[in-house]
Structure formats: C-alpha cells, structure tokens
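Summary of structural features
The chain contents come next:
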Amino acid sequence: MKKALITGITGQDGSYLTEFLLSKGYEVYGIIRRSSTFHTSRIDHLYKDPHEQPALKLIYGDLTDGSNLTSIVNDIKPEEVYNLGAQSHVKISFDMPIYTVDTDAVGTLRLLEAVRTMSKPAKFYQASSSEMFGKAVEIPQTEKTLLYPRSPYGCAKVYSHWQTINYREAYGLFACSGILFNHESPRRGETFVTRKITRAATRIKLGLQAKLYLGNLDAKRDWGFAGDYVEAMWLMLQQAKADDYVIATGETHSVREFLDEVFGHLDLDWEQYVEIDPNYYRPSEVDILQGDASKAKKVLKWVPKMSFKKLAQTMTDADMELAENEKVLKDHRGK
C-alpha cells in the first residue's frame with residue numbers, strides 16, 4: 001500500500017485529493033495545525049468505522065516548523081508528498097503579507113528540505129497558482145509565460161514554484177508544480193468570491209439575507225471543478241519524469257457571468273441584490289487569467305470534466321440545502 005502525505009488536508013483540495021487517493025488504495029497521512037477547535041468537516045466523512053484501522057491518519061504539524069516536518073516525513077516515509085497547505089486568500093495576503101510568505105513560500109522550502117533528508121526522497125507535488133501570472137503578459141498563459149505576480153500571495157507562490165524547480169535540478173528530487181487556475185466546489189471557503197455568491201444567493205432566495213456586497217465584477221477567471229483538478233496532481237507524480245503543468249479549462253468568465261449563472265438558476269435578478277463595496281477591491285488587481293492546459297492534455301491525458309455552467313449550478317444546489325436547513329432552524333427558534 002502506497003503512503004501519501006498531504007499538507008492542507010482539511011482544505012477544499014485536500015479533501016478531494018484524500019478521497020481520490022483512498023479510492024486508489026493509498027494510506028493517507030494529513031498534517032493539521034493544532035488549534036482549540038476542530039476544522040476537519042471536509043474530511044470527517046472519510047473516516048472508517050473507529051473499530052477498524054483507518055487508511056486516513058491526521059498528524060499535528062505546521063509549515064512554519066521545519067524540524068517537525070523533517071520528523072514527520074522520516075517517520076512516515078511516504079512515497080508521495082502533496083504540499084497544498086497555504087494561506088490561500090489573495091485579499092488576505094495584503095493584510096497579512098509576512099505570515100503569508102512565511103507559510104506559502106518559506107513553508108515550501110522547509111518541506112522540500114525535509115523531503116531531501118529522507119533516505120529515499122518522496123515524490124513531491126507543489127501547489128502553484130495562476131496568481132503567479134498576475135498582470136498577464138500573454139493570453140492564454142502556458143508553462144512558459146513570464147510570471148508577474150500582483151499580490152503577496154502570488155509572490156510567495158512564485159518563490160515556491162522556483163524552489164521546487166531548483167530542488168528538482170540541484171538535488172534530483174522528483175518534484176513537480178501544478179499551476180492550477182481557479183478551481184471551485186461546494187467545499188470552497190465562504191470568503192472566496194464564487195462561494196460567497198452561491199451562499200448569499202441561496203440565502204437571499206429564502207429571505208435570510210437582503211444584499212450581497214462584492215468588489216470587481218469585471219475580473220475574469222478560468223474556473224474549473226476542484227474534484228477534476230486533484231486527479232491532475234496525482235497524474236503528475238505517476239510520470240516517468242518530473243515536470244510542471246498548467247491545469248485549467250481554457251475558458252474565461254467574469255464575476256458578472258458567475259452571478260448570471262447562479263442567480264439565474266434561482267430565478268433571481270442579481271442586479272437587484274448586489275452592491276459594490278470598494279473595500280473588496282485589491283490594492284493591485286488581476287484583470288484576466290486564462291490557462292492553456294495543452295501540455296497536461298498531451299502528457300498526462302488529463303481533461304476537465306465539469307463545465308462552468310454545471311459548476312455554478314452544483315455549488316448553488318449544495319448551498320441551497322444549507323440555506324434550507326438554516327431557515328428551518330431559524331423558523332423553529334422563532335416559534
């Protein structure tokens with residue numbers, strides 16, 4: 001049985017990747033940060049009967065603690081390491097730039113160093129980001145497009161991306177970077193714009209919320225389904241040669257178009273409910289991101305399965321269930 005170690009296992013991508021690897025017969029280890037409350041809701045359904053030996057094990061650790069990471073990888077001896085842990089919100093990275101860089105940039109370096117100390121180094125996957133392209137110099141963006149980050153988050157991801165390449169070339173590590181464009185799902189955090197929209201729209205539909213406040217509606221992104229994208233991560237580590245790949249749908253849609261799909265699915269006119277709040281604008285905007293995943297399609301044989309329309313509807317339907325449960329509880333308390 002292969003062993004895989006995942007940082008960021010409790011996040012959107014971590015939960016889908018865990019499901020995928022368990023379905024492949026892996027033993028999965030996840031690093032979680034110590035806190036006073038549990039944040040494992042996205043993976044709670046993956047635990048087996050407690051009387052059985054589970055194939056999923058959680059370990060306390062942190063990307064800011066290099067010695068701890070070294071101990072973990074040498075104790076577990078995984079064949080594959082997936083570095084998905086990060087402060088992943090672009091807007092928040094402007095508010096917390098030092099923490100973002102320590103976790104997202106130097107954290108990757110700590111993990112790469114930990115893997116390098118293993119007697120048989122694991123294959124390493126780095127979660128790079130389309131935010132590295134930032135002020136895109138060409139459309140669409142490929143693996144060879146100049147990187148021009150426009151946020152502390154984007155800069156941190158560029159550092160991690162190049163350190164991964166450096167460790168591959170300097171030390172011979174099997175180290176890959178997946179340059180993933182925006183990928184969403186019902187498990188997306190509620191502070192991200194797509195989930196913020198689906199959550200608010202369903203609450204508005206049921207009378208639980210009056211308005212939705214957003215920033216730049218003209219920003220265009222290449223949006224795919226997170227469940228499709230984790231397969232690409234795994235495929236990268238199954239190749240004979242380590243390399244870097246853009247993972248994207250190749251389509252671009254604006255925030256306005258996402259609003260159209262979500263509110264339209266609920267028979268609502270979003271213009272009656274959405275207001276612009278300048279506080280949601282970034283200090284430096286990224287206007288358009290669109291990926292060219294030709295290399296991944298050719299080498300990995302990977303293609304995205306879920307359409308933009310289906311993604312918006314799936315997220316809306318899932319959040320409608322949450323809103324309905326919320327309304328039931330509210331009505332019950334009001335009696």
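Cut-offs applied
- Residues numbered from 1 in each chain as written.
- Predicted model: local features only at pLDDT ≥ 70, side-chain atom pairs only at ≥ 80, totals over all residues.
- Heavy atoms only, no water.
- Pairing = 2+ DSSP bridges.
- Helix = DSSP H or I, 4+ residues; strand = E, 2+ residues; numbered from the N terminus.
- Axes fitted to C-alpha atoms, helices over the stretch in contact; angles between N-to-C directions.
- Contact = heavy atoms within 4.5 Å.
- Parallel < 35°, antiparallel > 145°, perpendicular 65-115°, else oblique.
- Left-handed = near helix turned anticlockwise from the far one by under 90°.
- Nonpolar A, V, L, I, M, F, W, Y, C, P; charged D, E, K, R; others polar.

The parallel open sheet is built from 7 strands, whose spatial order is 3-2-1-4-5-6-11. The open sheet has two edge strands, strand 3 (56–60) and strand 11 (245–247), and neither has a second partner. Between one strand and the next, the sheet's axes are offset by a mean angle of 20°, whatever the strand orientation. Sheet analysis places strand 1 (residues 3–7) next to strand 4 (residues 80–83), joined by 4 bridges and oriented parallel. Along strand 4, the bridge assignment pairs A4 with E80. Helix-sheet contacts for helix 1 (residues 12–23) involve strand 1, strand 2 (27–32), strand 3, strand 4 and strand 6 (175–180), and the interaxial angle to strand 1 is about 175°. Contacting strand 5 (123–129) and strand 6, helix 5 (residues 152–171) crosses the sheet at an angle of about 150° to strand 5.

This brings us to unusual backbone geometry. In this structure, the amide linkage connecting I139 to the following residue, P140, adopts the cis form with an omega of 0°. Checked against the element boundaries, P140 lands in the loop between strand 5 and helix 5. Although it is not a glycine, K77 adopts a positive phi angle of roughly 55°. Counting through the fold element by element, K77 comes out in the loop between helix 2 (66–76) and strand 4. The residue K301 is not glycine, and still its phi comes out positive at about 60°. Inspection of the secondary structure assignment puts K301 in the loop between helix 9 (294–300) and helix 10 (308–334).

All right, on to the packing of helix 2 against helix 4 (residues 97–116) then. Orientation of helix 2 relative to helix 4, taken along the N-to-C sense of each, is 40°, at an axis distance of 8 Å. Comparing their axes, helix 4 and helix 2 come out oblique. Viewed along their axes, helix 2 and helix 4 form a crossing whose handedness is right-handed. Side by side, helix 2 and helix 4 meet where G66, L69, T70, V73 and N74 of the first sit next to G107, R110, L111, A114 and V115 of the second. Residues that form the contact of helix 2 with helix 4 fall into these classes: 5 nonpolar, 4 polar and 1 charged.

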